[in-house]
Structures are given as C-alpha cells and as structure tokens.
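# Architecture at a glance
Listed below are the residues making up each chain.
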Amino acid sequence: MAKVIDEQLPEGLVAYRKTPVFDQDTLPNGLRKTHRTKAGVWAVIHVVEGRLRYRCLEPLSEQILSPGVTGIVRPEEAHEVEPLGAVRFYVEFYSASSQDGSPHVDGIEV
C-alpha cells in the first residue's frame, strides 16, 4: 500500500494525524456529506475491510476503495465517502508544514 501513496502524494509531505478506524456505524456524518481539507492538507483513505465509495465533486469522479486501493484527497478538494455495506477504514492526513486543529475547512472533527 505504501507504494500507492509514494506515487501520488507530492514529495516532502509528512503524516501528522490519523483517524481512528471507522466502520459503517461509527463513520461521522460530516464525512458522509460534502467536505474539504484545508489548504496544504492532503489525505489518504485506507480501507482495512470491505468497500467504500470515494466521490470527488469538483470535477466529478468516483472510485471504489478496498484493501490495497487507497483514495488520495487533494487540498481543498470537495469530496464525500459512502460505505458499501460493512467496511472498516481510516484516514491519514499529510502536510508540508505543521498543522493545528481539524484538517477540514469546515471543522469536522475526526
């Protein structure tokens, strides 16, 4: 899985935060709705079990994530996720500089 990250994240980014593992029941409602990361914040969605729909809204695209297939979220990119049945996943946040508070523009706490 690390190879996928190395190929898609810009060089020089450092992981600074990781969510707990969410499932279809514990997934925060804010992540199911349209939300964005802050300027300079990238995210990598890792599915541990099951499948997760990852939808980018600008421009519109959709990807089904599963173990070994990560989703890369670019800074300030409008996106949402949707469990496709039973799923377990977590998100890692990356930045070139230190970050404080929520990694999301709208303050979603994860």
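Going by the structure above, here's the rest.
What this report covers is the structure whose coordinates are included nearby.

What counts and how
Residues numbered from 1 in each chain as written. Predicted model: local features only at pLDDT ≥ 70, side-chain atom pairs only at ≥ 80, totals over all residues. Heavy atoms only, no water. Salt bridge = Lys/Arg side-chain N within 4 Å of Asp/Glu carboxyl O. Helix = DSSP H or I, 4+ residues; strand = E, 2+ residues; numbered from the N terminus. Buried < 20%, exposed > 50% of the residue type's maximum accessible area, 1.4 Å probe, protein only. Polar contact = N/O pair within 3.5 Å; in protein donor to acceptor, adjacent residues only side chain to side chain. Core = buried A, V, L, I, M, F, W, Y, C linked by side-chain atoms within 4.5 Å. Contact = heavy atoms within 4.5 Å.

This part covers the pattern of salt bridges. Under the counting rule described, the total for this entry stands at seven salt bridges. Taking the shortest distance from any N to any O, the salt bridge between Arg-88 and Glu-49 comes out at 3.0 Å. Linking Arg-88 in strand E6 (residues 79-95) with Glu-49 in strand E3 (residues 42-57), this pair joins segments that are 39 residues apart in sequence. Note on Arg-88: relative accessible area 33%, which makes it partly exposed. Classification of Glu-49 by relative accessible area gives partly exposed; the value is 43%. With a closest N to O distance of 3.1 Å, Arg-55 and Glu-62 form a salt bridge. On the accessibility criterion, Arg-55 (19% relative accessible area) is buried. Exposure remark for Glu-62: the relative accessible area of 46% places this residue in the partly exposed category. Each of Arg-53, Arg-55, Glu-62, Glu-80 and Glu-82 takes part in one network of salt bridges that share partners.

The next point concerns the environment of Glu-80. Structurally, the position occupied by Glu-80 is in strand E6. Separated by 44 residues in sequence, Glu-80 and Arg-36 have C-alpha atoms that sit 8.6 Å apart. Among the polar contacts made by the side chain of Glu-80, one reaches the side chain of Thr-34 at a distance of 3.2 Å. In terms of polar contacts, Glu-80 uses its side chain to reach the side chain of Arg-55, at 2.7 Å.

In this structure, Ile-45, Leu-52, Tyr-54, Val-81 and Phe-89 are the most contacted members of the largest nonpolar core, which totals 17 residues. Put simply, the parts of the chain that give this core at least two residues each are E3 and E6. Per element, the largest residue contribution to this core is six residues, and it comes from E3. Setting aside anything within four residues of it in sequence, one finds Phe-89 in contact with Pro-20, Val-21, Phe-22, Leu-27, Ile-45, His-46, Val-47, Val-48, Leu-52 and Val-81. By size, the runner-up hydrophobic cluster in this structure holds six residues, among which are Leu-9, Trp-42, Ile-72 and Tyr-94.

Note that all results are geometric; they support no functional claim without further evidence.
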